[in-house]
Amino acid sequence: MINKRRSPRKASLERCSVELYASSKGPFESRIVNYSDTGLMIEMDQPLTRGEPVKILFHPGAENALRLGETYCVGMVRWCAPQEGLFSSRYGVGLEMAQASARRKNFRAA
């Protein structure tokens, strides 16, 4: 299988919440599985729609909050798929973060 990733991933099991911009639903509890300088993979029980804008809320003092210097980030759903095995959450979701190019410096320094 060819790896199409543009940047390396770092593992994380950090809790977060997801707010949907397109509706009044949420916030939904979630967990970050891994992250890179351009995005996040999260797990959650709520399916999301590709292209949907979202706000990811980090807990203060959490690894990603410290890395980004913010308690949240804004992004777009790139993909959402059912998880096999259902060990934790029902869906895996790939998110592309907005203004990711500005974060590359912070990611590589971490």
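## Some words on the pairing of strand E3 (residues 28-35)
Of all eight residues in E3, six are buried, a share of seventy percent or more. In terms of strand pairing, strand E2 (residues 15-20) meets E3 through four bridges, oriented antiparallel. In the strand pairing of E3, Ser 17 is matched with Glu 29. In terms of strand pairing, E3 meets strand E4 (residues 39-44) through four bridges, oriented antiparallel. Bridging across to E4, Asn 34 finds its partner in Met 41. In this structure, the hairpin formed by E3 and E4 is closed by a connection of three residues.

## Regarding the nonpolar core
One finds Leu 40, Ile 42, Ile 56 and Phe 58 to be the most contacted residues of the largest nonpolar core, which totals 20 residues. Beyond its immediate chain neighbours, meaning those up to four positions away, Phe 58 contacts Glu 14, Cys 16, Ile 32, Leu 40, Asn 64, Ala 65, Leu 68, Glu 70, Thr 71, Tyr 72 and Cys 73.

## Structural notes on the confidence of the model for the protein
Do not read the fine detail of predicted coordinates wherever pLDDT is low. When pLDDT is averaged across the protein, the result is 81; 80% of the residues are at 70 or more. Residue range residues 100-110 is modelled with pLDDT below 50. Its contacts to residues more than four positions away, or to other chains, number 20 contacts.

## Details of the side chain of Ser 12
Along the chain, the position of Ser 12 falls in the loop between strand E1 (10-11) and E2. Reaching out from Ser 12, the side chain makes a polar contact with the backbone nitrogen of Glu 14 at a distance of 3.3 Å. If near-sequence neighbours (up to four positions away) are discounted, Ser 12 is found in contact with Ile 32, Val 33, Asn 34, Tyr 35, Glu 63 and Asn 64.

Parameters at a glance
- Residues numbered from 1 in each chain as written.
- Predicted model: local features only at pLDDT ≥ 70, side-chain atom pairs only at ≥ 80, totals over all residues.
- Heavy atoms only, no water.
- Buried < 20%, exposed > 50% of the residue type's maximum accessible area, 1.4 Å probe, protein only.
- Helix = DSSP H or I, 4+ residues; strand = E, 2+ residues; numbered from the N terminus.
- Pairing = 2+ DSSP bridges.
- Core = buried A, V, L, I, M, F, W, Y, C linked by side-chain atoms within 4.5 Å.
- Contact = heavy atoms within 4.5 Å.
- pLDDT = per-residue confidence, 0-100.
- Polar contact = N/O pair within 3.5 Å; in protein donor to acceptor, adjacent residues only side chain to side chain.

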